[in-house]
Amino acid sequence: MERVHQHIPAISWSAKARRAVEAPISFLVTAAIANPDLINLAAGLVDDTTLPADAVDRIVHGIMADPARATAALQYGTTLGLANLRRQLLGHIEALEGKPASTMGLSADHIAVTTGSQQSLYLLGEALLDPGDIVIAANPSYFVFTGALAGLGARILTVTMDDDGMDVEAVDRLLSRLAGTGELARVKLIYCTSYFQNPTGLTLSAARRPRLLEIVRKHSAHHRILILEDAAYRELRYDGPALPSIKSFDPDNAFTLLAQTFSKPFAPGLKLGYTAAPPEVVDAIVHQKGSHDFGSANLCQFIALTALQDGAYHAQVKRLQSHYRLKRDTLLGALDKHVPTDPAIRWTHPHGGLYVWMELPDAIDTARGSPFFDDAIAEGVLYVPGAYCHPPDENGHVPASHLRLSFGQAPLARLEPGVHRLAAVIRRHLGTIAP
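Described in the following lines is the structure provided in the data block.

Focus: helix α8 (residues 168–180)
The first and last C-alpha atoms of α8 sit 19 Å apart over 13 residues, in line with the 18 Å expected at 1.5 Å per residue. Check the buried side of α8 and you find it contacts β3 (134–139), β4 (155–162), β5 (165–166), β6 (187–193) and α9 (208–218). Looking at where α8 begins, the residue whose side-chain oxygen comes 3.2 Å from the main-chain nitrogen of Glu 169 is Asp 167. Once α8 finishes, Gly 182 follows within two positions and takes phi at roughly 80 degrees, a positive value.

Here it is in structure tokens:
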């Protein structure tokens with residue numbers, strides 16, 4: 001039968017779908033796959049050589065060898081998460097904080113297990129935010145979450161960062177201004193990556209942690225503003241002090257949510273995160289999660305529980321700390337060695353995490369599609385344009401002269417060659433700037 005061609009009407013998308021845009025990382029991954037010789041300093045992925053395959057193999061065999069555990073692991077679980085895992089995670093948080101959970105108002109029932117900490121961030125946005133509600137974040141910030149917030153219709157207002165992390169006094173001033181304009185009621189959330197931030201690698205200083213909580217309490221007279229503390233990179237610390245979380249200063253478990261993950265300190269393939277939060281927030285997350293997946297993969301939760309119990313998790317954290325410390329030092333050493341000296345060029349020196357943030361002269365545009373970006377691709381090196389990480393300021397301005405470098409996935413031996421290639425592009429574009 002001959003096919004009859006006819007007009008096919010357009011799909012009527014939801015307002016939420018119309019607000020969504022392509023994730024920047026999709027293009028970067030495609031570019032890396034298209035050219036295997038490209039040195040990928042963009043991907044925030046972990047190093048394949050560090051994945052704990054032997055430990056997970058042993059753990060899975062042990063689970064499957066026990067009929068009762070095997071049956072439980074392969075069955076549906078609860079939406080909140082495996083009870084024994086949540087109890088183990090409570091103890092893990094106590095060890096990280098160096099204080100009893102009771103001093104933070106926490107119990108195992110205040111921990112929700114999610115499919116990666118990213119799901120927790122998104123579920124919280126779904127539970128809290130209506131279109132037009134306000135989230136305050138640092139600038140720059142984690143672009144995947146700010147993109148999700150934009151898809152939910154939230155307004156993202158930003159404050160600056162310095163070497164001590166998010167400027168919390170700027171948060172205080174912004175909240176005061178919003179109170180003056182009658183918009184404080186729309187502020188639902190302060191988003192803060194408190195350890196080795198993605199994208200800058202910077203950490204919120206010790207003094208600013210309790211101060212941010214104090215500021216939020218002050219401005220929560222008529223409705224409660226929450227602090228979402230994203231601590232995904234917390235355990236990838238290579239030097240510097242082991243700082244307590246913002247949450248550790250919240251004895252009533254009322255104003256803070258602490259989101260952590262197994263992805264960075266153990267293995268991303270488990271796709272497990274966990275969030276310690278006020279009880280009503282946990283309930284809201286679980287209600288939303290029930291509509292998404294009924295609960296995270298039970299087998300993965302059994303693997304995570306066993307790894308925490310038998311020492312495999314802590315051994316992996318130590319292994320990663322040693323491995324990534326060397327990679328960080330190699331990248332920073334290569335930057336010192338190859339990048340031309342210029343007072344307008346600077347980069348961060350993170351104490352942990354996977355990222356280094358670089359600032360170039362304002363006249364150099366590093367955005368996707370710019371001559372600089374295209375030259376870097378041609379030279380064989382890939383980075384994340386800083387413009388992806390900057391929500392527009394009040395005037396709609398987005399800085400375009402920054403870039404994020406990751407030492408996570410790229411092999412150790414390719415870090416210095418990657419920086420050498422990038423430095424050649426920088427030197428070329430410095431020469432185009434009018435004196």
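Read on, since the account is not over.
Considerations on the sheet that holds strand β13 (residues 384–385)
Strand order in the open sheet formed by four strands is β10-β11-β14-β13, and the pairing between neighbours is antiparallel. What marks the edges here is a single partner per strand, and that holds for β10 (346–347) and β13. Bridging between β10 and strand β11 (residues 355–359) involves two bridges; their strand directions are antiparallel. Bridge pairing in β11 places Arg 346 opposite Glu 359.

What to know about the packing of helix α4 (residues 67–74) against helix α11 (residues 298–310)
Contact geometry for α4 and α11: axes closest at 7 Å, N-to-C directions at 130 degrees. On the basis of their axis angle, the class for α4 and α11 is oblique. Of α11, the residues touching α4 (which contributes Arg 69, Ala 72, Ala 73 and Leu 74) are Asn 298, Leu 299, Phe 302 and Thr 306. Class assignment of the residues belonging to the contact of α4 with α11 gives a composition of five nonpolar, two polar and one charged.

Thoughts on the pattern of salt bridges
Under the criterion given, the structure shown has 25 salt bridges. With a shortest N-O distance of 3.5 Å, Arg 217 and Asp 250 are connected by a salt bridge. Taken as a pair, Arg 217 in helix α9 and Asp 250 in the loop between β7 (226–230) and β8 (256–261) lie far apart in primary sequence, 33 residues in all. Looking at Arg 217, the relative accessible area reads 34%, which means it is partly exposed. With its nearest N and O atoms 2.8 Å apart, the salt bridge here joins Asp 239 to Arg 328. One end of the pair, Asp 239, is in the loop between β7 and β8; the other, Arg 328, is in helix α12 (residues 312–338), and 89 residues separate them in sequence. For Asp 239, a relative accessible area of 29% corresponds to the partly exposed category. Within the structure, one salt-bridge network assembled from shared partners comprises Glu 169, Asp 172, Arg 211, Glu 214 and Lys 218.

Some thoughts on the sheet that holds β5
The strands that make up a sheet are held in pairs by hydrogen bonds between backbone atoms, and each pair lies either parallel or antiparallel. Read across the open sheet, the eight strands follow the order β2-β9-β8-β7-β6-β3-β4-β5; overall the sheet is mixed. Bordering the open sheet on either side are β2 (111–114) and β5, each of which pairs with just one other strand. The pairing of β4 with β5 spans two bridges and is antiparallel. Looking at β5, one finds that Asp 162 is bridged to Gly 165. The strands touched by α8 are β3, β4, β5 and β6; relative to β4, the strand with the most contacts, the crossing angle is about 150 degrees. Strands β2, β7 and β8 of the sheet are contacted by helix α10 (residues 279–292), whose axis makes an angle of about 25 degrees with β2.

Brief notes about unusual backbone geometry
Residue Pro 140 is reached from Asn 139 by a cis peptide bond, and omega for that bond is 10 degrees. Relative to the helices and strands, Pro 140 is located in the loop between β3 and α7 (143–151). One non-glycine residue, Asn 253, lies in positive phi territory at about 50 degrees. Take Asn 253: it is sitting in the loop between β7 and β8. Not every positive phi belongs to a glycine, and Phe 294 is a case in point at roughly 65 degrees. Positionally, Phe 294 belongs in the loop between α10 and α11.

Calculation criteria
- Residues numbered from 1 in each chain as written.
- Predicted model: local features only at pLDDT ≥ 70, side-chain atom pairs only at ≥ 80, totals over all residues.
- Heavy atoms only, no water.
- Helix = DSSP H or I, 4+ residues; strand = E, 2+ residues; numbered from the N terminus.
- Expected span 1.5 Å × (residues − 1).
- Contact = heavy atoms within 4.5 Å.
- Polar contact = N/O pair within 3.5 Å; in protein donor to acceptor, adjacent residues only side chain to side chain.
- Pairing = 2+ DSSP bridges.
- Axes fitted to C-alpha atoms, helices over the stretch in contact; angles between N-to-C directions.
- Parallel < 35°, antiparallel > 145°, perpendicular 65-115°, else oblique.
- Nonpolar A, V, L, I, M, F, W, Y, C, P; charged D, E, K, R; others polar.
- Salt bridge = Lys/Arg side-chain N within 4 Å of Asp/Glu carboxyl O.
- Buried < 20%, exposed > 50% of the residue type's maximum accessible area, 1.4 Å probe, protein only.

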